[in-house]
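Letter by letter, the chains look like this.
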Amino acid sequence: MAAGSEATTPVIVAAGAGGEEGEHVKPFKPEKAKEIIMSLQQPAIFCNMVFDWPARHWNAKYLSQVLHGKQIRFRMGMKSMSTVPQFETTCNYVEATLEEFLTWNCDQSSISGPFRDYDHSKFWAYADYKYFVSLFEDKTDIFQDVKWSDFGFPGRNGQESTLWIGSLGAHTPCHLDSYGCNLVFQVQGRKRWHLFPPEDTPFLYPTRIPYEESSVFSKINVVNPDLKRFPQFRKAQRHTVTLSPGQVLERKWQEGTQLLLLVKRRMDFGGRQSTRVLFVPRHWWHYVESIDPVTVSINSWIELEEDHLARVEEAITRMLVCALKTAENPQNTRAWLNPTEVEETSHAVNCCYLNAAVSAFFDRCRTSEVVEIQALRTDGEHMKKEELNVCNHMEVGQTGSQNLTTGTDKPEAASPFGPDLVPVAQRSEEPPSERGGIFGSDGKDFVDKDGEHFGKLHCAKRQQIMSNSENAIEEQIASNTTTAPSQTFISTDDLLDCLVNPQVTRMVAQLLIQGRSL
């Protein structure tokens, strides 16, 4: 069994949760959908919200015709079961058209052209992070094929979207996003999402190398973990969901719970199988893999109020990483700087970036009643309150209660779905089909020495783990630097893992803001 408890998606919710049943009627009005997105603290799936989107009929072949002759950058990775993550800094890149990608993806290994050096049976290709505004710069009418306004964001369409096209095995390494809220619509093929709650961060061995603004990577290949090097990963709680065409995945970055919720209508209009939308909270770790020969996804990042403080944290991180890594080797930024980072990394530029982030934070404080500097407390009482709220969330999931805790001191609000919205139960054993990712594994490394699978942690134990989070981080760092018993050398990366640990940068950002507000 893969390390950590497994949560699948068996929950069924009857029709009529937010709208009248009938032809061409969506279950939630835009205002209601946005209310749910901005308030719900658990991952959730919206059903039948995109059945009329023109983009639902897209596929890679159609897009190759629309983008005929346009050069696109593909990331090339190995189809392997290594325990080491394939970060973007370790991948090769190919400039090719979609037509050339599709020809190569038909396993025509003898073809000439940009993919000629990559055996289709050994490599995958991924055109990721492709912004519509650049990709369709001379075909802007296609923006209207995507209608994020249905989720309560007026005017948002393809212009604020990103396209992802990959082959079997293409994946994004496990990471968490520092900013915002993310809506993902699966257009073609299936993708499997491996998700871990934010309180599992010490067990996922976070690192900022490679550095990318807003992405905190895990050192672990979560589909084939090295448990000897990363033993704390055994405590992580894995949740999985497979997103298929016609569904929308909504990643709302809001801390406070580990519960995964699934909302599913039994049948949509005309008796067809229903579509689904998954919602995953803020700062949840995720590893996403393509499990079909061709996958096409569309997403849109949506800004949240919490981003203003997060940008200060990211600016601090950027300054520290760039200063230390550039001093270590000024000529080789490729080894640690993600290819997505194209801006200058000089200290002067990073100082301007930090000052701009702090100024923007205070500008927001002056114009918004939502952000209060008084809330930026770092005392123990505040931390204990957050831990208690997380524990309360777990009690909700364990007892099966339908009164969903919101993680605040305010009275509990009624669930927007009523009695038909139920948390996904954690499983003590992972289905065989999910083991070892898409390339297979016998799963023997996921069983402890007594032959017992790792079940879900009870609330009391979870609270004890969180209260000892500093010890977990120390153990994590120790395991990272003791591959040999006699090894005492501390590298720049080892130091950075401590300095820019998410918990540390959060505290530094709070102290910085407090100092400026006195």
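What counts, and where the lines are drawn
Residues numbered from 1 in each chain as written. Predicted model: local features only at pLDDT ≥ 70, side-chain atom pairs only at ≥ 80, totals over all residues. Heavy atoms only, no water. UniProt positions renumbered as here; feature names shortened; annotations may be inferred. Helix = DSSP H or I, 4+ residues; strand = E, 2+ residues; numbered from the N terminus. Expected span 1.5 Å × (residues − 1). Buried < 20%, exposed > 50% of the residue type's maximum accessible area, 1.4 Å probe, protein only. Arc of directions from axis to C-beta. Contact = heavy atoms within 4.5 Å. Polar contact = N/O pair within 3.5 Å; in protein donor to acceptor, adjacent residues only side chain to side chain. Phe/Tyr/Trp six-rings, centres within 6.5 Å; stacked < 30°, edge-to-face > 60°. Lys NZ or Arg CZ within 6 Å of the ring centre and 35° of its normal.

Under an unreviewed UniProt entry, the name given to the protein chain is HSPB1-associated protein 1, and the organism recorded is Pan paniscus. Quoted verbatim from the Function (unreviewed entry) heading of the UniProt record, the comment on the protein chain is "May play a role in cellular stress response."

Asker: Tell me about helix α11 (residues 502-517), and please be specific about residues and values.
Answerer: Between its first and last C-alpha atoms α11 spans 23 Å; for 16 residues at 1.5 Å apiece the expected length is 22 Å, and the two agree. Looking at α11, one finds that the buried residues are Thr-505, Ala-509, Gln-510 and Ile-513. Angular distribution of buried residues about the axis of α11 spans 135°; they occupy a single face of the element. Where α11 is buried, its residues touch α5 (307-328), α6 (347-367) and α10 (492-499). Here α11 starts with a cap whose side-chain oxygen sits 3.0 Å from the backbone nitrogen of Gln-503, and that cap is Asn-501.

Asker: Go over the packing of aromatic side chains, please, and point to the residues and values.
Answerer: All told, the structure shown has 23 aromatic pairs when counted by the stated rule. On the basis of an interplanar angle of 10° and a centroid distance of 6.5 Å, the ring pair of Tyr-129 and Trp-301 is categorised as stacked. Taken together, the residues span a long stretch of sequence, with Tyr-129 in strand β4 (residues 123-131) and Trp-301 in strand β15 (residues 294-302) at a distance of 172 residues. For the ring pair Trp-148 and Phe-151, a centre distance of 6.3 Å and an interplane angle of 50° mean the geometry is tilted. Judged by its relative accessible area of 0%, Trp-148 falls in the buried class. Members of the aromatic cluster, connected to one another through ring pairs, are Trp-58, Tyr-62, Phe-132, Phe-136 and Phe-143. Taking the ring centre of Phe-51 as reference, the NZ or CZ of Lys-26 above it sits at 5.4 Å. Of note, Arg-73 hangs over the ring of Tyr-93, and the distance from its end group to the ring centre comes to 4.1 Å.

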